[in-house]
Amino acid sequence: MNMPKYDSIFNAEEYTEEPLNEAEGLASIVLIAALADNPKDLVAPDLFLDILPDFDLYAEYSDEDLLAMVDRLTAIVADVGLGALFNAADEAIPDDLVPDAYAAAILAKMDLQTGEIASSANVFLKELQVVLDIDDDEAAEVAAEVKKAFEES
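Remember, predicted model here, so these are calculated numbers, not experimental data.

A separate point is the overall build of the protein chain. Each helix and strand counted, the protein chain has eight helices and zero strands in total. In sequence order, the secondary structure elements of the protein chain are arranged as α-α-α-α-α-α-α-α. A globule of 153 residues ought to have a C-alpha radius of gyration of about 15 Å, and the protein chain, at 14 Å, matches this closely. Overall, the protein chain is about 45 × 40 × 30 Å in size when its C-alpha atoms are taken along their principal axes. Counting all 153 residues of the protein chain, 43% fall into the buried class. Partitioning the intrachain contacts of the protein chain with sequence separation of at least 6 by distance along the chain shows that 76% fall at a separation of at least 24. Accessible surface computed for the protein chain: about 8,600 Å², of which carbon and sulfur atoms make up 47%. For the protein chain, the distance from the average position of its 7 positive side-chain charges to the average position of its 36 negative side-chain charges is 8 Å.

Encoded structure:
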C-alpha cells in the first residue's frame, strides 16, 4: 500500500494538552507547512510576520503577540510533535477559515521572494487539501487568489 508522505502528521493519534484558539490553529498550519519536510529545521520568525498579518483574524495582533504565539506552538511541536499540533489545529479552525488555512499553507511553502512553489511542496499541499476536505476547484481558486495577492504586493 502506498503510504502518504505526511501520514505521521495528518493521521497522528497524538493530541495536545491544551486546545488552540482559531488564531493559533491558523498559525499552526503555517508552522506545520514550514516544518513538514524537515521537523528539525528552525523556522525564521519573519515567515510568520510576513504571512499572518495578511489575514483579518490577526488584525488586532502585534508582532510581539504573533511571535509569542509562534513560540508556544513551537514548544508544542517540540513536546508532542507535528501530528499532535495538526490535530489541535484541525479542531480549532472553523469551517469558514479552512480556505484561509490552506492559503496560509501555500504561502508557507511559497518562495516569498519569487512567488514560486517548489514541486516537492505540491505533495504536502495536496495531502493537506485532502485532509481539510477542500475539493480541487476550491483549492485551485485559493491558489489563484494567493498568487494574485502575491503579485499585487
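Let us keep going from here.
With that settled, consider the side chain of E24. Tracing the backbone shows E24 in helix α2 (residues 22-35). Side-chain polar atoms of E24 contact the side chain of R72, separated by 2.6 Å. If we skip the residues at most four places from it in the chain, E24 touches P19, M69, R72 and L73.

With that out of the way, let us pick up the pattern of salt bridges. One pass over the full model with this rule turns up five salt bridges. The residue D37 makes a salt bridge to K109 at a minimum N-O spacing of 2.7 Å. With D37 in the loop between α2 and α3 (45-51) and K109 in helix α6 (residues 98-109), this pair connects stretches of sequence that are 72 residues apart. Judged by relative accessible area, D37 falls into the partly exposed class, the value being 41%.

Our next topic: the packing of α6 against helix α8 (residues 136-152). It is the contact of α6 with α8, at a shortest axis distance of 10 Å, that shows an interaxial angle of 55°. Classed by the angle they form, the pair α6 and α8 counts as oblique. The hand of the α6/α8 crossing is right-handed. Of α8, the residues touching α6 (which contributes P99, Y102, A103, I106 and L107) are E138, A139, V142, A143 and V146.

Counting 52 residues, the largest nonpolar core has I51, Y58, Y102, F124 and L128 as its most contacted members. Setting aside residues up to four positions removed in sequence, Y102 forms contacts with L125, L128, Q129, L132, I134, A139 and V142.

Viewed as axis vectors pointing N to C, α6 and helix α7 (residues 119-131) meet at an angle of 170°, and their least axial separation amounts to 10 Å. Judged by the inter-axis angle, α6 sits roughly antiparallel to α7. Residues Y102, A105, I106 and K109 of α6 lie in contact with α7, whose contacting residues are A121, F124, L125, L128 and Q129. Split by residue class, the contact of α6 with α7 holds seven nonpolar, one polar and one charged.

Attention now moves to α8. Helix length check: α8, at 17 residues, gives a terminal C-alpha distance of 24 Å against a target of 24 Å (1.5 Å per residue), a fit within 8%. Those residues of α8 not exposed but buried are A139, V142 and V146. Summarising the axial view, the buried residues of α8 lie within an arc of 65°, below the 170-degree limit, and thus occupy one face. Exposed side of α8, more than 90 degrees from the buried face: D137, K148, E151 and E152 are the residues found there. Packed against the buried residues of α8 are α6 and α7.

The rules behind each value
- Residues numbered from 1 in each chain as written.
- Predicted model: local features only at pLDDT ≥ 70, side-chain atom pairs only at ≥ 80, totals over all residues.
- Heavy atoms only, no water.
- Helix = DSSP H or I, 4+ residues; strand = E, 2+ residues; numbered from the N terminus.
- Rg over C-alpha atoms; globule rule 2.2 N^0.38 Å.
- Buried < 20%, exposed > 50% of the residue type's maximum accessible area, 1.4 Å probe, protein only.
- Contact = heavy atoms within 4.5 Å.
- Areas by Shrake-Rupley, 256 points an atom, 1.4 Å probe, with all protein chains shown as cover.
- Lys, Arg positive; Asp, Glu negative; His and termini not counted.
- Charge placed at Lys NZ, Arg CZ, Asp CG, Glu CD.
- Polar contact = N/O pair within 3.5 Å; in protein donor to acceptor, adjacent residues only side chain to side chain.
- Salt bridge = Lys/Arg side-chain N within 4 Å of Asp/Glu carboxyl O.
- Axes fitted to C-alpha atoms, helices over the stretch in contact; angles between N-to-C directions.
- Parallel < 35°, antiparallel > 145°, perpendicular 65-115°, else oblique.
- Left-handed = near helix turned anticlockwise from the far one by under 90°.
- Core = buried A, V, L, I, M, F, W, Y, C linked by side-chain atoms within 4.5 Å.
- Nonpolar A, V, L, I, M, F, W, Y, C, P; charged D, E, K, R; others polar.
- Expected span 1.5 Å × (residues − 1).
- Arc of directions from axis to C-beta.

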